[in-house]
Amino acid sequence: SPGTVDFGAVSVLQEGERRMSFRVINLGDTDVQVTGHDEPLGDAVFAVDAPPVLEVPAGAEVEVPVRFRPPGEGAWRADLLVRPAEEVLRLSGEGLAPSIRLGGGTFPAVVVGCGGDGEVAVYNDGHEPLSLVSVVVDSAEFQVTGWSQEIAAGGEGSLQIRFLPAGSGDRGTALRVGSDDPLQPVAGMSVSGLGYEGERVEESWRFWPSNPTDILLLTDDYGDGRAAEGAAAYVAALRQRNIDYALTALSGAGACPGHPAIAGRGDTTLQGEAVFRRAFDAAGGAWDGALAGLAAEVAAESRAGGCLSGFLRPGADLEVLIVSGGPAALLAGDAEALLGLAGRVRVSAMLPDGCGDASAYAPLVAQTDGQQEDLCQEDWGSAFARLADIPTGSQPVSYPLQQVPVTGTLEVAVEGVSWPEWSYDPQQNAVLFGAEQIPAVGAEVVIRYVSAVTCEE
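What this report covers is the structure whose coordinates are included nearby. No experiment lies behind these values; they were computed from the predicted model shown. (Residues numbered from 1 in each chain as written. Predicted model: local features only at pLDDT ≥ 70, side-chain atom pairs only at ≥ 80, totals over all residues. Heavy atoms only, no water.)

A look at the environment of Gly272
Right, so step 1: Residue position: Gly272 is located in helix α2 (residues 269-281).
Right, so step 2: What makes Gly272 buried here is its relative accessible area of 0%.
Right, so step 3: When near neighbours in sequence (up to four residues on either side) are disregarded, Gly272 contacts Val235, Leu247 and Ala263. (Helix = DSSP H or I, 4+ residues; strand = E, 2+ residues; numbered from the N terminus. Buried < 20%, exposed > 50% of the residue type's maximum accessible area, 1.4 Å probe, protein only. Contact = heavy atoms within 4.5 Å.)

Next comes the structure, spelled out in structure tokens:
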């Protein structure tokens with residue numbers, strides 16, 4: 001007695017367990033051995049604190065204690081089949097606790113390199129407040145940015161997750177949420193989002209470890225129609241070799257060539273060609289036939305405020321390219337002034353071999369181990385491509401990319417084989433090659449990546 005022991009509602013976190021009892025009464029006139037009273041059949045949340053065989057004297061009664069310890073939210077039931085009377089004693093109780101349930105996550109489709117914010121719903125199906133203690137994801141492509149700290153009984157909260165796809169297609173990971181739900185301390189689910197790529201870019205060039213080089217083109221052979229072909233070939237060769245160049249071109253008129261005065265590696269190919277050709281299109285002047293004498297004016301105009309300001313860069317080599325059909329003269333002091341413009345100066349030239357006389361410049365070419373081409377030849381394209389063969393240097397090689405990449409998509413190959421010895425500098429937007437292991441001079445380098453796009457916030 002009683003025939004049903006109802007423990008009522010028990011708070012799992014606050015109370016833990018509840019104790020009650022029932023009585024076994026011997027109404028007969030002989031002693032009885034009772035069994036089954038300690039073996040609950042049903043939910044294993046009830047425990048009877050009594051020996052398996054209970055001796056009940058004639059006319060006596062024995063009180064049997066029972067414990068109810070619910071593991072979590074829910075209604076719990078069990079029966080005791082008490083022998084020999086075959087009586088059924090019903091045990092019942094309700095556990096009150098927080099109960100976590102995760103809902104489906106929603107994430108926007110996001111371009112690779114950008115991020116999108118999504119949410120995962122968290123429900124508390126229990127009768128007590130739910131506290132979330134941790135949220136963990138297994139992939140760096142999903143970053144937890146916040147979550148509801150406490151969710152009321154029967155209420156709903158959310159997890160805020162930023163989706164940062166590193167590649168295209170469906171991207172997924174496991175999500176685990178720790179809470180004070182006693183029945184399910186860690187709840188898990190899978191989350192996924194769709195990533196899509198921007199433009200795929202491939203850039204190729206020849207590995208040429210040169211020092212930063214300032215290029216000074218001097219010509220008194222203005223107006224030659226072959227200059228366009230030479231300009232295109234010369235600038236293309238510089239860019240194919242990844243030369244860190246600053247190019248200016250002057251006619252015999254003087255050291256101020258107009259705007260833009262200088263074209264560099266960061267400018268377009270067309271701008272470099274325009275700067276190159278302009279010297280050929282310009283009118284002649286006082287320095288025709290004495291181009292080496294322009295050195296002093298170039299030095300002066302390269303200072304701050306001059307029309308060539310920033311041209312002679314500190315630490316850069318100087319490549320002087322003379323194009324002259326003559327007659328020419330090398331006046332006293334001109335060579336010293338020209339060679340004194342930078343620490344390492346090389347003079348190359350395109351001089352006539354039978355269609356003029358500018359041989360006065362040839363000693364400068366020989367003295368600096370420069371290159372010389374024949375001004376009289378028709379194919380200026382090939383000639384200027386050879387003249388762009390800038391000497392190698394000791395500076396580490398960096399290659400500025402044409403577009404900003406999604407960093408994780410960068411791949412570098414040398415002669416068709418993946419090359420591991422490189423790094424990316426986001427400040428310069430350039431791929432850097434270390435000094436310990438570098439590709440062979442002239443090796444083809446291919447860089448592939450997905451271009452970053454402007455991310456919508």
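A look at the sheet that holds strand β7 (residues 61-68)
Right, so step 1: Strand order across the open sheet formed by three strands is β2-β7-β5, with antiparallel pairing between neighbours. Strands with a single pairing partner mark the edges of an open sheet, and in this sheet they are β2 (18-25) and β5 (46-48). When strand polarity is set aside, the average angle formed by the axes of neighbouring strands in this sheet is 30 degrees.
Right, so step 2: Across eight bridges, β2 lies against β7 in antiparallel orientation. In the strand pairing of β7, Arg18 is matched with Phe68. (Pairing = 2+ DSSP bridges. Axes fitted to C-alpha atoms, helices over the stretch in contact; angles between N-to-C directions.)

Things to note about the pattern of salt bridges
Right, so step 1: Summed over the entire model, instances satisfying the criterion amount to 21 salt bridges.
Right, so step 2: Salt-bridge contacts for Arg18 lead to Glu15; the nearest nitrogen and oxygen are separated by 3.0 Å.
Right, so step 3: The exposure class of Arg18 is partly exposed, given its relative accessible area of 25%.
Right, so step 4: Under the relative-accessibility criterion, Glu15 is labelled partly exposed at 38%.
Right, so step 5: Taken together, the shared-partner salt bridges connect Glu17, Arg19, Asp49, Arg67 and Arg69 into one network. (Salt bridge = Lys/Arg side-chain N within 4 Å of Asp/Glu carboxyl O.)

Some words on unusual backbone geometry
Right, so step 1: Residues Arg83 and Pro84 are joined by a peptide bond in cis, for which omega reads 15 degrees.
Right, so step 2: Assignment of secondary structure puts Pro84 in the loop between β8 (74-82) and β9 (87-96).
Right, so step 3: Each neighbour pair has its own omega, and for Gly326 with Pro327 the value is -5 degrees, a cis peptide bond.
Right, so step 4: Looking at the secondary structure, you find Pro327 in the loop between β23 (317-323) and α4 (334-339).
Right, so step 5: Although it is not a glycine, Asn242 adopts a positive phi angle of roughly 60 degrees.
Right, so step 6: For Asn242, the location among the structural elements is in the loop between α1 (227-240) and β21 (245-251).

Concerning the sheet that holds β23
Backbone hydrogen bonds hold the strands of a sheet together, and the pairing may be parallel or antiparallel.
Right, so step 1: Reading across from one edge, β22-β21-β20-β23-β24-β25 is the order of the six strands in this open sheet, with mixed pairing throughout. Looking at strand neighbours, the two that pair on one side only are β22 (263-264) and β25 (372-374), the edges of this open sheet.
Right, so step 2: Summarising the sheet, strand β20 (residues 213-219) and β21 pair through seven bridges and their orientation is parallel. Looking across to β21, one finds that Asp214 is bridged to Ala246.
Right, so step 3: Sitting on the sheet, α2 is in contact with β20, β21, β22 and β23, with an inclination near 20 degrees to β21.
Right, so step 4: This element, helix α6 (residues 380-387), spans β23, β24 (345-351) and β25 of the sheet and lies at about 170 degrees to β24.

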